[in-house]
Amino acid sequence: MRIQDGGRIPVHGDRPRRLAARLSAHLRPVPGGKVDLVPGAGLHAVDLVEILAEALAGGSDVPDLLAVSRVEKDWWVRSSLALAFGELKCAKSVPMLTSWLKEQRTPQAVGNTTFQIMVPSVPDYQLRDVILALGQIGGEAAYQALAERWETESATTVRQALCQAFGDIRDKRALPLLLDALHQDAALDSSLAEALGNLGDASVVEPLLSLLNDGGQDVRRSAAAALGRLGSTQSVPSLKRLLEPDSDPTVRNSVFQALGMIGDPTAREVILKVMP
């Protein structure tokens, strides 16, 4: 499924028409008998995803998403648009997604006169959708935007999304960024391990082995899976130690899968020895 010139998406069949009817509050007619999104109408991600799932050849047109993105200020809608662009791997959307990523998140007071808290003007989970879309699309411009955000971002949930995006892009220039962040935030180490495993570079084996020894349950599970994806025979002795009877069962499950992916005789021998 590819987005056409200008971002217009052709669909056909009865389902898109039913969806368009259900979304009538968010659509408006434009010249030529087509429809467009009403900017700021609060279209949710599930609606766009369902429409895009029907984006096949022929039939009538539904929204020009790129045109909408240029004027949209509502972050609920931006989040949905980002999901759509990511699924479509729309390279033309990268400049717009990058501009959203660069917007300042000004803290805002939420609450009443008795109790108030400061929250970012853009919620983490909506910014996360933009980051993940850039990771799905890939390319030089997307990588540069993500690397720039990494240098200034402090929120763990947003950095977790950046890890996933780096892993999706698989650009090895991200290696030093990710390695420098290891062991500094326990909540981030699991995402770092997954990203390092996806980058496919043998130089990350030793850092991943350190996570097997020092990390918590989730981190050890992610590190084991990453070593399996790397096919690291060097990691077999360390993985074997995680198969002790008192080890966490979810970690043991991840280790078994990793040993199976490594697949060399030593790994097979370890599996056979612990089987009843």
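Residues numbered from 1 in each chain as written. Predicted model: local features only at pLDDT ≥ 70, side-chain atom pairs only at ≥ 80, totals over all residues. Heavy atoms only, no water.

Peer 1: Lay out the overall build of the protein chain with the relevant residues and their values.
Peer 2: Helix and strand counts for the protein chain stand at 15 helices and six strands. Here the analysis covers contacts within the protein chain between residues at least 6 apart in sequence; of these, 65% occur between residues at least 24 apart. For the protein chain, the exposed surface amounts to about 13,800 Å²; the carbon and sulfur share of it is 53%. (Helix = DSSP H or I, 4+ residues; strand = E, 2+ residues; numbered from the N terminus. Contact = heavy atoms within 4.5 Å. Areas by Shrake-Rupley, 256 points an atom, 1.4 Å probe, with all protein chains shown as cover.)

Peer 1: How would you explain helix α5 (residues 94-102) if you had to name every residue and give the values?
Peer 2: Taken together, the buried positions of α5 are occupied by V94, M96, L97, T98, W100 and L101. Considering only its buried residues, α5 is in contact with α3 (65-71), α4 (75-88), α6 (124-137) and α7 (140-152). (Buried < 20%, exposed > 50% of the residue type's maximum accessible area, 1.4 Å probe, protein only.)

Peer 1: So what about the packing of α6 against helix α8 (residues 156-169)? Which residues, and what values?
Peer 2: Relative orientation of the contacting elements α6 and α8 amounts to 10 degrees, with a least axis distance of 8 Å. As the angle between them shows, α6 and α8 are arranged roughly parallel. Contacts from D124, L127, R128, I131, L132, L134 and G135 of α6 reach α8 at T157, V158, Q160, A161, L162, Q164, A165, D168 and I169. (Axes fitted to C-alpha atoms, helices over the stretch in contact; angles between N-to-C directions. Parallel < 35°, antiparallel > 145°, perpendicular 65-115°, else oblique.)

Peer 1: Describe in detail the nonpolar core, supporting the description with residues and values.
Peer 2: The biggest cluster of nonpolar side chains holds 72 residues, and the ones touching the most others in it are W150 and L178. Aside from chain neighbours lying at most four places away, what touches W150 is R159, L162, C163, F166, L177, L178, A181, L188 and L192. (Core = buried A, V, L, I, M, F, W, Y, C linked by side-chain atoms within 4.5 Å.)

Peer 1: For the packing of α7 against α8, give the residues involved together with the corresponding values.
Peer 2: For the pair α7 and α8, the least separation of the axes is 10 Å and the interaxial angle reads 150 degrees. Between α7 and α8, the interaxial angle falls into the category roughly antiparallel. Along this stretch, α7 crosses α8, giving a crossing that reads as left-handed. From α7, A142, Y143, L146, A147, R149 and W150 reach across to α8, where they touch R159, L162, C163, A165, F166 and I169. Classifying every residue of the contact of α7 with α8 by side-chain character gives ten nonpolar, no polar and two charged. (Left-handed = near helix turned anticlockwise from the far one by under 90°. Nonpolar A, V, L, I, M, F, W, Y, C, P; charged D, E, K, R; others polar.)

Peer 1: Pulling in residues and values, what's your account of the packing of aromatic side chains?
Peer 2: Each aromatic ring pair is described using two quantities: the centre-to-centre distance and the angle formed by the ring planes. Summed over all chains, the structure comprises three aromatic pairs. The interplanar angle of 70 degrees and the centroid separation of 5.9 Å between the aromatic rings of W150 and F166 together place this pair among those described as edge-to-face. Within this pair, whereas W150 is found in helix α7, its partner F166 is found in helix α8, the two being separated by 16 residues in sequence. Overall, W150 belongs to the buried group, its relative accessible area being 5%. Using a relative accessible area of 1% as the deciding quantity, one classes F166 as buried. (Phe/Tyr/Trp six-rings, centres within 6.5 Å; stacked < 30°, edge-to-face > 60°.)

Peer 1: Describe the pattern of salt bridges, and please don't skip the residues or the numbers.
Peer 2: Per the counting criterion, the structure on display carries six salt bridges. The residue E140 makes a salt bridge to R173 at a minimum N-O spacing of 2.6 Å. Placement of E140 in helix α7 and of R173 in the loop between α8 and α9 (175-181) is noted, with a sequence separation of 33 residues between them. Here D201 ties to K172 by a salt bridge, and the two come within 3.7 Å at their closest N and O atoms. Taken as a pair, D201 in the loop between α10 (186-199) and α11 (205-214) and K172 in the loop between α8 and α9 lie far apart in primary sequence, 29 residues in all. Assessed through its relative accessible area of 18%, D201 is described here as buried. Several salt bridges converge on common partners, so that one network encompasses E140, D171 and R173. (Salt bridge = Lys/Arg side-chain N within 4 Å of Asp/Glu carboxyl O.)

Peer 1: How would you sum up α7? Please name residues and give values.
Peer 2: Across its 13 residues, α7 extends 19 Å between first and last C-alpha, which sits within 8% of the 18 Å expected from 1.5 Å per residue. Along α7, the positions that sit buried rather than exposed are A142, Y143, A145, L146, A147, R149 and W150. The inward-facing, buried residues of α7 contact α5, α6, α8, α9 and α10. (Expected span 1.5 Å × (residues − 1).)

Peer 1: Run through unusual backbone geometry, naming residues and quoting values.
Peer 2: One non-glycine residue, R170, adopts positive backbone phi at about 60 degrees. Secondary-structure assignment places R170 in the loop between α8 and α9. The phi torsion at H183 lies on the positive side, around 65 degrees, for a residue other than glycine. Tracing the backbone shows H183 in the loop between α9 and α10.

Peer 1: Summarise the environment of E206; cite the residues concerned and give the values.
Peer 2: Secondary-structure assignment places E206 in helix α11. Between the C-alpha atoms of E206 and Q234, which are 28 residues apart in sequence, the distance is 9.1 Å.

Peer 1: If you had to explain the side chain of Q126 to someone new, which residues and values would you point to?
Peer 2: With respect to the helices and strands, Q126 occurs in helix α6. In this view, Q126 contacts W75, W76 and S79; residues no more than four positions away in its chain are not counted.

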